[in-house]
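Below, each chain spelled out in residue letters.
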Amino acid sequence: MAFPIHRLRRLRQSEPLRRMVRETTLSPSDLIYPLFVADGRDRKEEIGSMPGQYRLSIDVLVKEAMEVRTLGIPAVILFGIPDRKDERGSSGYDPQGIVQRAVRALKDQVPDLLVITDVCIDEYTTHGHCGLVRDGRVLNDETLDCLRAMARTHAEAGADMVAPSDMMDGRVAAIRDELDRAGFPDVPILAYAAKFASCFYAPFREAADSSPKFGDRRSYQMDPANLREALREIDLDIAEGADIVMVKPALPSLDVLALARQRVLVPLAAYQVSGEYSMIKAAARAGWLDETRAIMESLLAIKRAGADMILTYFAKDAAKLLN
Ligand code: PBG
């Protein structure tokens with residue numbers, strides 16, 4: 001039953017043959033592009049640790065969104081960089097906050113592009129944590145009210161989907177309840193379900209100036225050692241009403257994606273995070289990797305592991321290569 005009867009190289013001989021037996025393909029429709037929005041006008045500020053990614057003012061963001069739509073990418077996810085922070089992250093759930101204003105502008109000027117919003121207070125708090133802090137501890141239940149208000153004001157501004165990334169227990173149920181009460185039963189929740197306490201978020205924290213000012217996030221984000229717990233997080237978020245669940249970071253968590261794909265029926269998202277982007281960029285700049293091939297191979301691996309959609313800073317580059 002083996003060699004020489006079977007020769008797997010027979011089907012690898014030419015590109016048409018390889019194309020015919022290819023098991024996984026990528027399409028611009030699989031991609032979601034993360035964008036950072038800040039106050040001001042005509043502002044496009046490159047993020048030092050993420051070459052090719054920018055903090056954009058709303059007018060520039062709208063132009064960027066038009067290009068994203070033209071490339072066939074169905075959605076963006078927005079992160080806000082506010083000009084004012086406080087203990088409670090209140091600029092994050094101000095109806096006139098930066099994300100709320102950006103959503104209104106996008107839905108007004110690029111209505112057929114899906115706008116997803118990140119729901120988490122860390123970018124808006126002086127202490128940089130994803131929850132309210134008392135006596136050096138990150139509070140769970142008290143934080144849920146902030147997340148409710150943030151999700152509701154995003155929906156009121158016109159967000160097509162909200163994506164809680166805070167890792168507080170019970171936040172999906174709380175947000176679902178809030179959206180339903182406020183008249184948004186059709187706004188889906190994309191839950192950052194299995195989010196590990198990862199060093200690969202470091203460039204993002206530079207971009208959003210959101211590093212915790214004391215301690216770290218390990219009392220709420222997951223221990224990277226835990227696979228079964230990741231599956232419990234996913235099960236619980238689905239039970240609480242998540243429409244799509246996300247695993248993050250992507251490449252270091254392919255086992256979680258693969259197992260989740262076998263166990264759950266909801267769509268699965270993966271976030272190729274800032275550090276994954278910056279690693280490839282840095283290696284390519286040093287001449288150590290072919291950037292194009294590194295982008296496509298990493299995205300393909302994430303898809304092969306089980307992701308239906310991928311949040312990636314490479315979305316535009318990949319879409320250009322695929323179109
Ligand atoms: C929290 C949030 C973070 C990311 C997405 N949402 C940062 C964190 O948890 O520290 C990271 C995304 C990335 O690294 O690209 N608002």
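Please refer to the structure higher up on the page.
Numbering of residues starts from 1 in each chain and follows the order in which that chain's sequence is written. Totals for whole chains, interfaces and linings use all residues, but because this is a predicted model, local features are given only for residues with pLDDT of at least 70 and pairs of side-chain atoms are given and counted only at 80 or more. Side-chain figures throughout are based on the complete set of non-hydrogen atoms in the structure, without hydrogens or water.

J.: Which residues make up the overall build of the protein chain, and what values go with them?
T.: Within the protein chain one finds 11 helices and 12 strands. We compute the radius of gyration over the C-alpha atoms and compare it with the globule rule, which gives 2.2 Å times the number of residues raised to the power 0.38. Relative to its length of 323 residues, the protein chain is compact, with a C-alpha radius of gyration of 20 Å against a globular reference of 20 Å. Seen along its three principal axes, the alpha-carbon backbone of the protein chain occupies a region of about 70 × 45 × 40 Å. Exposure categories follow from relative accessible area, calculated using a 1.4 Å probe and restricted to protein chains: below 20% of the type maximum is buried, above 50% is exposed, and the middle band is partly exposed. Here the protein chain holds 323 residues, and the buried ones make up 55% of them. Whether two residues are in contact is decided by their heavy atoms, any of which lying within 4.5 Å being enough. Considering only intrachain contacts with a sequence separation of at least 6, the fraction spanning at least 24 residues in the protein chain is 74%. With residues, only the protein chains shown are counted as cover, and all accessible areas are computed by Shrake-Rupley using a 1.4 Å probe. Per element, the accessible surface of the protein chain, about 14,700 Å² overall, is 52% carbon and sulfur. All tallies of charge rest on Lys and Arg as positive and Asp and Glu as negative; His and the ends of each chain are not included. In this description, the location of a charge corresponds to atom NZ of lysine, CZ of arginine, CG of aspartate or CD of glutamate. Between the mean site of the 43 positive side-chain charges and the mean site of the 48 negative ones, the protein chain shows a separation of 6 Å. Runs of E in the DSSP output that reach at least two residues are strands. Runs of H or I that reach at least four are helices, and both are numbered from the N terminus.

J.: Report on the nonpolar core, specifying residues and quantitative values.
T.: Think of a nonpolar core as a cluster: buried Ala, Val, Leu, Ile, Met, Phe, Trp, Tyr and Cys residues, connected wherever their side-chain atoms sit within 4.5 Å. In terms of nonpolar packing, the biggest core is built from 113 residues, with Val76, Leu78, Leu106, Leu179 and Ile234 touching the most fellow members. With eight residues, helix α4 (residues 141-157) is the single largest residue contributor to this core. Setting aside residues up to four positions removed in sequence, Ile234 forms contacts with Ala193, Ala194, Val245, Val247, Val256, Ala260 and Val264.

J.: Provide a residue-level description of the site of the ligand, including the pertinent values.
T.: Summary of the distance rule: residues count as near a molecule or strand when at least one heavy atom falls within 4 Å of that molecule or strand. Inspection of the region around the ligand gives 19 residues, with Lys195, Arg205, Lys248, Ser274 and Tyr313 positioned closest. Here a polar contact is recorded for every N or O atom pair within 3.5 Å, except that within protein the pair must consist of a potential hydrogen donor and a potential acceptor, and residues adjacent in sequence are included only if both atoms are side-chain atoms. Within the side chain of Asp122, one N or O atom sits 2.8 Å away from a nitrogen atom of the ligand. Coverage of the ligand by the protein amounts to 100% of the 410 Å² it exposes when considered alone. Put simply, the parts of the chain that give the shell around the ligand at least two residues each are β9 (190-195) and α6 (202-208).

J.: Please give an account of the packing of helix α10 (residues 291-305) against helix α11 (residues 315-322) that cites residues and values.
T.: A pair of packed helices can be characterised by two numbers: the angle between their axes and the separation between those axes. Axis separation between α10 and α11 bottoms out at 10 Å; the angle between their running directions is 95°. In this view, α10 runs roughly perpendicular relative to α11, as classed from their interaxial angle. Contact residues: Thr292, Ile295, Met296 and Leu299 in α10; Asp317, Ala318, Leu321 and Leu322 in α11. For the contact of α10 with α11, a count of residues per class yields six nonpolar, one polar and one charged. Every axis in this analysis is a line fitted to C-alpha atoms, fitted for helices over the stretch in contact. Angles between the N-to-C directions lie between 0 and 180 degrees. For classification purposes, an angle smaller than 35 degrees is called roughly parallel, one larger than 145 roughly antiparallel, one from 65 to 115 roughly perpendicular, and anything else oblique. The residue classification treats Ala, Val, Leu, Ile, Met, Phe, Trp, Tyr, Cys and Pro as nonpolar and Asp, Glu, Lys and Arg as charged. All others, Gly included, are polar.

J.: Explain the pattern of salt bridges residue by residue, including any values.
T.: The working definition used for a salt bridge is a side-chain nitrogen of Lys or Arg within 4 Å of a carboxyl oxygen of Asp or Glu. Inspection of every chain in the model, using the stated rule, returns 28 salt bridges. Among the ionic pairs, Arg84 bridges to Asp94, the shortest N-O distance being 3.3 Å. Here Arg84 is found in the loop between β4 (75-81) and α3 (98-109), whereas its partner Asp94 is found in the loop between β4 and α3, with 10 residues between them in sequence. Judged by relative accessible area, which is 40%, Arg84 ranks as partly exposed. For Asp94, a relative accessible area of 24% gives the class partly exposed. Among the salt bridges present, the one from Asp235 reaches Arg263, with a minimum N-O distance of 2.6 Å. Of this pair, Asp235 sits in helix α7 (residues 228-240) while Arg263 sits in helix α8 (residues 254-263), and the two are 28 residues apart along the sequence.

J.: Provide a residue-level description of the pairing of strand β10 (residues 244-248), including the pertinent values.
T.: Burial within β10 is extensive, with five of its five residues counted as buried. Here β10 shows a buried face lined by Ile244, Met246 and Lys248 and a second buried face lined by Val245 and Val247. Pairing between strands requires that DSSP locate at least two bridges from one strand to the other. As paired elements, β10 and strand β11 (residues 268-272) share three bridges and run parallel to each other. Considered in β11, the bridge of Val247 is made with Ala270. Seen with its strands pointing away from the viewer, a crossover is right-handed when the path leading from the first strand over the helix to the second is clockwise. After leaving β10, the chain enters α8 and then returns to the sheet as β11, a path that is right-handed.

J.: Please provide a residue-by-residue account of the packing of aromatic side chains, values included.
T.: For Phe, Tyr and Trp, where Trp contributes only its six-membered ring, two rings pair if their centres lie within 6.5 Å, and the inter-plane angle classes them as stacked under 30 degrees, edge-to-face over 60, or tilted in between. Overall, the coordinates contain eight aromatic pairs when judged by the stated rule. Taken together, a centroid distance of 5.4 Å and an interplanar angle of 55° make the contact between Phe36 and Phe204 tilted. Highlighted residues: Phe36 in strand β1 (residues 31-38) and Phe204 in helix α6, separated in sequence by 168 residues. As far as the burial class goes, Phe36 and Phe204 line up, both buried. Here Phe79 and Phe204 contribute two aromatic rings whose centre-to-centre distance is 4.9 Å and whose plane-to-plane angle is 80°, an arrangement assigned as edge-to-face. Residue Phe79 is located in strand β4, and its partner Phe204 is located in helix α6; the two are separated by 125 residues in the primary sequence. For Phe79, a relative accessible area of 2% translates into the label buried.

J.: Describe the environment of Arg137, with residues and values.
T.: Here Arg137 is to be found in strand β7 (residues 137-138). Here Arg137 falls in the exposed class, since its relative accessible area comes to 60%. Counting along the chain gives 182 residues from Arg137 to Ala319, while the straight-line C-alpha distance between them is 43 Å.

In short, shape yes, function no, at least from these values alone.
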